[in-house]
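What the coordinates show
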Amino acid sequence: MKKNTFTMLDENGNEVVYDVLFTFESDETNKNYIVYTDNKKDETGNVEVYASIYDPNDPKSKLEAITTEKEWKVIETILDTLQEEVRNKMGKSEQENIEQ
């Protein structure tokens, strides 16, 4: 499977490769979002994840900052749901291994 990636310059002008985790359109905000990571971990060991507004119809569009609490809540809800689904799948896999 080919990874979906893109490259941006950081604040020091260095190229950073980001992995796209997923994209979605929100009916609530009528905007498109991209959720991505550079796979760096924060001080607690969690992978840092970023989100931006983007135009899926323009491959050269610039990522826009998310500025409202409402938009962050939409993204956090989706991330929480996905994280819970992964935990449930992992739990089922572990349970299946125990039963075998």
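Residues numbered from 1 in each chain as written. Predicted model: local features only at pLDDT ≥ 70, side-chain atom pairs only at ≥ 80, totals over all residues. Heavy atoms only, no water.

Here we look at the overall build of the chain
Basically, it comes down to this: Helix and strand labels come from DSSP, where a helix needs a run of H or I of at least four residues and a strand needs a run of E of at least two; each type is numbered from the N terminus. Exposure is judged per residue with a 1.4 Å probe applied to protein chains only, and the accessible area is read against the type maximum: over 50% gives exposed, under 20% gives buried, and values in between give partly exposed. Note on definitions: a residue-residue contact is assigned when non-hydrogen atoms from the two residues lie within 4.5 Å.
Broken down by element type, the chain carries one helix and four strands. Shown N-terminal to C-terminal, the secondary structure of the chain runs as helices and strands in the order β-β-β-β-α. Within the chain, the fraction of its 100 residues that count as buried is 24%. The long-range share in the chain, meaning contacts at least 24 apart out of those at least 6 apart in sequence, stands at 23%.

A short note on unusual backbone geometry
The backbone phi angle of Asn30 is positive, close to 60°, even though this residue is not glycine. Looking at where Asn30 falls in the secondary structure, it is placed in the loop between β2 (15–26) and β3 (31–37). Exposure remark for Asn30: the relative accessible area of 63% places this residue in the exposed category. The backbone of Asn39 shows a phi angle near 65°, a positive value even though the residue is not glycine.

Remarks on the sheet that holds β2
The line we're drawing: By definition, two strands form a pair when at least two bridges between them are found by DSSP. Angles run from 0 to 180 degrees between N-to-C directions of axes, and those axes are lines fitted to C-alpha atoms, restricted for helices to the stretch in contact.
Pairing within the open sheet is antiparallel, and its four strands lie in the order β1-β2-β3-β4. Two strands lie at the open edges of the sheet, namely β1 (5–9) and β4 (50–53), each paired on one side alone. Here the average twist between neighbouring strands, direction ignored, is 40°. The pairing of β3 with β4 spans four bridges and is classified as antiparallel. Its bridge partner being in β4, Tyr33 is matched across the sheet by Ile53.

Spatial relationships are all this shows, so hold off on functional conclusions.
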